Amino acid sequence: MAGKVAGASAPAPGLAAPRQRAAAWSPAKGGLLLLALPLAMLALFFLLPLLVVLGQSFTAPAGPFDSYVRLAGDSALRNALTYTFQTAAIVTLAALVLSYPVAFLISRAQGRWLVIGMVFVLVPFWTSAVIRSYAWLVLLQRRGVLNEMMLALGLIDRPLRLTNTDIGTHVAMVQIMLPFMILPLLSAMRGIDASVLRAAAILGANPWRQFLHVYLPLSMPGVGAGCVLVFISTLGFYITPALLGGSSQMIAVAIEQQVSRLLDWPLASALATLLLVLTCLLFMLYERLNRRLAGAGEAR
Amino acid sequence: MNALSASHPHGAAMDRPSSRGARVEFDRVSKDYGELTVLHETSLKIAPGELFALIGPSGSGKSTLLGILAGFVPPTYGAVRIDGTNIVAVPPYRRNIGMVFQNYALFPHISVAENIGFPLKMRGCGKAEIGERVKKALAMVRLEALGERRPAQLSGGQQQRVALARAAVYDPGLLLMDEPLGALDKNLREEMQDEIKRFQRAFGATVLYVTHDQQEAAFLADRLAVMRGGMLEQIGTPRQLYEMPCTHFVASFLGEASLLPVAELLGRDGQEVRVRTAGGLILRALAPSRVSERRAVCLRPENILVGAEARGRDNHFLGVVEEAVFTTGTLRYRIRLPGTDGVLTVRVPSRPGIELLAPGASVDIGWDASMAVTISED
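Residues numbered from 1 in each chain as written. Chains lettered and ligands numbered in written order. Predicted model: local features only at pLDDT ≥ 70, side-chain atom pairs only at ≥ 80, totals over all residues.

If you look chain B up in an unreviewed UniProt entry, it shows as ABC transporter ATP-binding protein from Ancylobacter crimeensis. For the record of chain B, the UniProt heading Sequence similarities (unreviewed entry) holds the text "Belongs to the ABC transporter superfamily." (UniProt positions renumbered as here; feature names shortened; annotations may be inferred.)

**Q** Let's hear about the overall build of chain B: which residues, and what values?
**A** Assigned secondary structure in chain B consists of nine helices and 20 strands. Here the C-alpha coordinates of chain B stretch approximately 75 × 50 × 35 Å along the principal axes. Counting the 378 residues in chain B, one finds 43% classified as buried. (Helix = DSSP H or I, 4+ residues; strand = E, 2+ residues; numbered from the N terminus. Buried ≥ 20, exposed ≤ 12 C-beta atoms within 10 Å, placed from the backbone.)

**Q** Lay out the overall build of chain A with the relevant residues and their values.
**A** Each helix and strand in chain A was counted, giving 14 helices and zero strands. Along its sequence from the N terminus, chain A presents helices and strands in the succession α-α-α-α-α-α-α-α-α-α-α-α-α-α. Here chain A holds 300 residues, and 27% of them are scored as buried. Within chain A, contacts between residues at least 6 apart in sequence are counted, and of these 70% link residues at least 24 apart. (Contact = placed C-beta atoms within 7 Å.)

**Q** Break down the sheet that holds strand β15 (residues 305-306) of chain B for me, citing the residues and quoting the values.
**A** Residue and element names in this part refer to chain B. Taken in spatial order, the five strands line up as β15-β19-β16-β17-β18 in an open sheet, and their pairing is antiparallel. The open sheet has two edge strands, β15 and β18 (343-349), and neither has a second partner. One ladder, built from seven bridges, connects strand β17 (residues 330-336) with β18; its direction is antiparallel. Looking across to β18, one finds that Y333 is bridged to V346. (Pairing = 2+ DSSP bridges.)

**Q** Tell me about the nonpolar core, and name the residues and values.
**A** Grouped together as the largest cluster of nonpolar side chains are 114 residues, with contacts concentrated most on A53, A165, L176, L208, Y209 and V297 of chain B. Counting the residues that make up this core, at least three belong to each of domain 1 (2-243) and domain 2 (248-375) of chain B. Those residues in contact with L208 of chain B that lie beyond four places of it in its chain are V24, I46, F52, L54, L66, L69 and L176 of chain B. By size, the runner-up hydrophobic cluster in this structure holds 42 residues, among which are L77, A103, A172 and A268 of chain A. (Core = buried A, V, L, I, M, F, W, Y, C linked by C-beta atoms within 7 Å. Domains from an automatic or database assignment.)

**Q** I'd love a proper account of the domain arrangement of chain B, names of residues and values included.
**A** All names here are of chain B. Taken domain by domain, chain B holds domain 1 (2-243) and domain 2 (248-375). Computed from C-alpha atoms alone, the centre-to-centre distance between domain 1 and domain 2 is 39 Å. Contacts between the two partners involve eight residues from domain 1 and, on the opposite side, five residues from domain 2. Contributions of two or more residues to the side of domain 1 that touches domain 2 are made by α7 (214-220), β9 (223-228), β10 (231-236) and α8 (238-243).

**Q** If you had to explain the pairing of β17 of chain B to someone new, which residues and values would you point to?
**A** Residues and elements named next belong to chain B. Sheet analysis places strand β16 (residues 315-327) next to β17, joined by seven bridges and oriented antiparallel. Across the sheet, the residue bridging to V320 is R336, located in β17. Here β16 hands over to β17 after two residues, with G329 in that stretch at a positive phi of 85 degrees. Joining the antiparallel neighbours β17 and β18 is a turn of six residues, in which G339 adopts a positive phi near 80 degrees.

**Q** Outline the interface of chain B and chain A, supporting the account with residue identities and numerical values.
**A** Counting residues at the interface gives 20 residues for chain B, matched by 17 residues for chain A. Of the residues forming the side of chain B that touches chain A, the biggest block, three residues, is contributed by helix α3 (residues 112-122) of chain B. Of the residues in the side of chain B that touches chain A, the class split is 14 nonpolar, three polar and three charged. (Nonpolar A, V, L, I, M, F, W, Y, C, P; charged D, E, K, R; others polar.)

**Q** How would you sum up the sheet that holds strand β3 (residues 51-55) of chain B? Please name residues and give values.
**A** Residue and element names in this part refer to chain B. Strand order in the open sheet formed by six strands is β6-β7-β8-β3-β9-β10, and the pairing between neighbours is mixed. The two strands at the open ends of the sheet, each matched to only one other strand, are β6 (98-100) and β10. This sheet shows a mean twist of 15 degrees between the axes of neighbouring strands, independent of strand direction. Bridge count for β9 against β10 is five bridges, and the pairing is antiparallel. Following the sheet pairing, R228 is matched in β10 by M231. (Axes fitted to C-alpha atoms, helices over the stretch in contact; angles between N-to-C directions.)

**Q** Give a detailed account of helix α11 (residues 207-235) of chain A, specifying residues and quantitative values.
**A** In α11 of chain A, a bend of some 45 degrees at M220 of chain A exceeds every other bend along the element, and P221 of chain A, a proline, comes one to four places later. Looking at α11 of chain A, one finds that the buried residues are Q210, H213, V214, S219, G222, G226, C227, V228, V230, F231, T234 and L235 of chain A. (Bend = angle between axes of the 7 residues up to and from the residue.)

**Q** Would you mind going over the packing of helix α7 (residues 129-140) of chain A against helix α9 (residues 166-190) of chain A in detail, with residue names and values included?
**A** Relative orientation and spacing of two packed helices are given, respectively, by the angle between their axes and the distance between those axes. All names here are of chain A. Two numbers describe how α7 lies on α9: the axes approach to 10 Å, and their chain directions differ by 140 degrees. Considering the angle they form, α7 stands oblique to α9. Note on packing geometry: the crossing formed by α7 with α9 is right-handed. Contact residues: α7 offers A129, R132, S133, W136 and L140, while α9 offers G168, A172, Q175 and I176. Considered class by class, the residues forming the contact of α7 with α9 number five nonpolar, three polar and one charged. (Parallel < 35°, antiparallel > 145°, perpendicular 65-115°, else oblique. Left-handed = near helix turned anticlockwise from the far one by under 90°.)

**Q** Tell me what's going on with the UniProt feature "domain: ABC transporter" (unreviewed entry) in chain B, and back it up with residues and numbers.
**A** Here, the residues flagged by UniProt with the feature "domain: ABC transporter" (unreviewed entry) are residues 24-254 of chain B. When the span residues 24-254 of chain B is considered, its composition is 36% helix and 26% strand, and the gap between its end C-alpha atoms is 25 Å.

**Q** Lay out unusual backbone geometry in plain terms, naming residues and giving numbers.
**A** Residue and element names in this part refer to chain B. The backbone of D83 sits at a positive phi, close to 50 degrees, despite the residue not being glycine. Its 16 C-beta neighbours within 10 Å are what place D83 among the partly exposed residues. We note that Y104 has phi near 75 degrees; this positive angle belongs to a residue other than glycine. With respect to the helices and strands, the residue Y104 is situated in the loop between β6 and α3. With 23 C-beta atoms counted inside 10 Å, the residue Y104 sits in the buried group.

**Q** Would you mind going over the confidence of the model for chain B in detail, with residue names and values included?
**A** Residue and element names in this part refer to chain B. Confidence in the prediction for chain B averages 85 pLDDT; 94% of positions are at 70 or higher. Considering each helix and strand of chain B separately, the mean pLDDT is smallest for helix α1 (residues 2-5), with a value of 38, and largest for β3, with 93. Model confidence for the complex is summarised by a pTM of 0.76, with the ipTM given as 0.79. (pLDDT = per-residue confidence, 0-100.)

**Q** Residue-level account of the environment of R198 of chain B, with values.
**A** Of note, R198 of chain B is situated in helix α6 (residues 186-203). The exposed category is assigned to R198 of chain B, around which 10 C-beta atoms lie within 10 Å.

**Q** So, helix α2 (residues 62-70) of chain B: which residues are in play, and what are the values?
**A** Residue and element names in this part refer to chain B. With nine of its nine residues buried, α2 lies for the most part within the structure. Listed in full, the buried residues belonging to α2 are K62, S63, T64, L65, L66, G67, I68, L69 and A70. Phi turns positive one or two residues past the end of α2, at G71, with a value near 100 degrees.

Structure below.
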C-alpha cells in the first residue's frame, strides 16, 4: 500500500518506477496474509463456539432470560460460584507463598543449579494436568502411597480421608498451578539489578529491609502477573476437582453436570457465560490497577 | 550544606563526628577466589578529607579494593580500618559509607525524593527531618523541581546527581565512587567532574574514586594509585605520577609517552644519569632513587623542544619529521630520531605564526636532562 502511494505521487520518473514499486513486497500486505489463517482458525473454533454458547444461554423454553433467573435463584449454583472464587483465592495465595522462595532461589542460581531448578519447574509444567491429577489420586487415596507410608511409620492408626475433600483438591490444584506462579516471578526477579540491592545495603538497609523496601516492590510485577494467571486458570479447573473434589462443586464441574447429566444446555451456557464475564471483569480490573501503578512511574 | 554536615543522633555505629572525612587504611589486604588472586597483599592509607583515585584497566583489582571497603567483598587476608577501627567483620549496612555506583543504582520504584530519603529512613529519622534534609540535598544538586519524578524520567546527568545526593544526604565521612561518570557523554562528564570536585571540597568527606579514565582521575584526585594485575603499581599526586612514572605501564597509562630503551648506564651525577640507548644515542636523564632498574627513558610529548629552542639543551639531536598534524591548540609531530631508537611523539603549542613543519623536513629537537626520566621495564 505504501509502495503504491509513493509510486503514484512520484511525478516524473517514468513508468518503470511505479511498476517496480507495485511489485515490491510490503510488510503491511504480507502481515495481513500471515494473520489471515490464525484469525480464521480463531473465528471458526473459538469466537463462533463462544457466540453459540452465548446464544444458547438465551434459549430456555420458559423465556430468553429464564436461565439467568434460575441461576440467580439456585443456591447450589450460587454456592458453586462462591466456592470457585474462594478456591481460586486459596490456591493463588498458597501458590504465591510456596513459589516466592523457590523463584528467589532459582533467580539466584547459576549454571548447573539454574538448569536443575528450571527442570524441576518445567517438567511438571509440561506434564498434563490430567496425569498429575491422577497421580495425586494415587498418592492421596485411602490405600494410597501417603496413607500407607504414614500407617507404616505409625503416625496414624487409620487411613486419613484425603481425596474427595477440599484439602486434597487444593493441594493438587496448587501443585498444578505452581509453574504458572514461579515463571512470572522468576522473570521479574531475574530483572532486578543486583547493584540496587547493594546500594540499599550501603545506604543502611539490613537484609530484611533490603527485601522489604527494595526487592519485594521490584518483584511485584511478577507477583501480580503470577496471581492473575493462577487465579484465572483456577477458576476454570475441571479435571482435578472432578477427580479429587469433595461435596462442594467447582463451577466447571457444575457446568459439565448440567450438560451431560441434566441435559440443561441453556443453563450450562448461562453458567459458562457468567464465568467468562466475571473472569474478563477481573482481568480488566487487574489491567487497570497495573496501569495505574506503572503509570505513576512512567508518566511524563 | 549545613543540614548535610549536621550530625544526627541515630544509632551509635552510624553516628560519627562529621566535620572532617574518615581516615582509611588498608593493611595487607588481599583477595583470592580459589586459585585466582585478584588482589595481592596491598597496604594503603588515605588521609581524612582526601580525594583518592584508583585507576587501572579492568581486572586490575581496583573494583575489588573498593568492594572490600564497601563490605561487598570479604578480603581473604588483612584488615581494613576506618578511623582506626577494623571493619572487616562489619556488614555494609553498618559501615556508614556513602557510595555512588557506576549505573547509579537508583531505586526505580520510588521517587527521586524517596530515593534520597532512603538512607535517612533506614536510620530511623522522622518524616519532618527527612523532608527537610532531602529538600536541602535536592537544592545542593540543583534538582529542586524534580523530587516527585521517578529516576527513569531523569536524564543521565540528573540521575548521577540524585545518586550523589543520596550518597551524601546522611553525611558519611567516607564516600565511594565506582566509575560514577562512566555512563555519561564527554561534555556532561566534564561538567560533572567540576561538580564532584566542588561538592567534595564543600562536603569534606574522604572520597575513594575508582575510574579507568586517567584524565578524570588526574583532574579530581589529590592523590592517585595506578593498579595493575591486582597490585598498586605506583601511588602519588597526579603530577608526580605524570612527571615521575616508575614504570612503563604508569608512564603510558597516564598520558602519552615516548620510551627509549636503555642499553647501558654510562655514569651518574647526583640526580642525573648518562645512558646509551639501544639505538645508540647518549642521553642525560633524571634518575629518581625509587627506580632501581633503569631500562628506558620516558619522554612526555610537551617536554621535547623543536627548532631553535632545542639547541644547547642537555640532549640535542637532528630529527626527521614523519608526521605533522594540527589538533586544536596543539601541533602534533612524530619525529624520527637519528640511530635506530625510532620515533618520538612531540606536542608544540600552536600559536599564530608558528608554522607546521612539513613531513620529511629535518628539525632540531632537544630537551634538558630534567625533562626526561628513567623508568623500569614494564
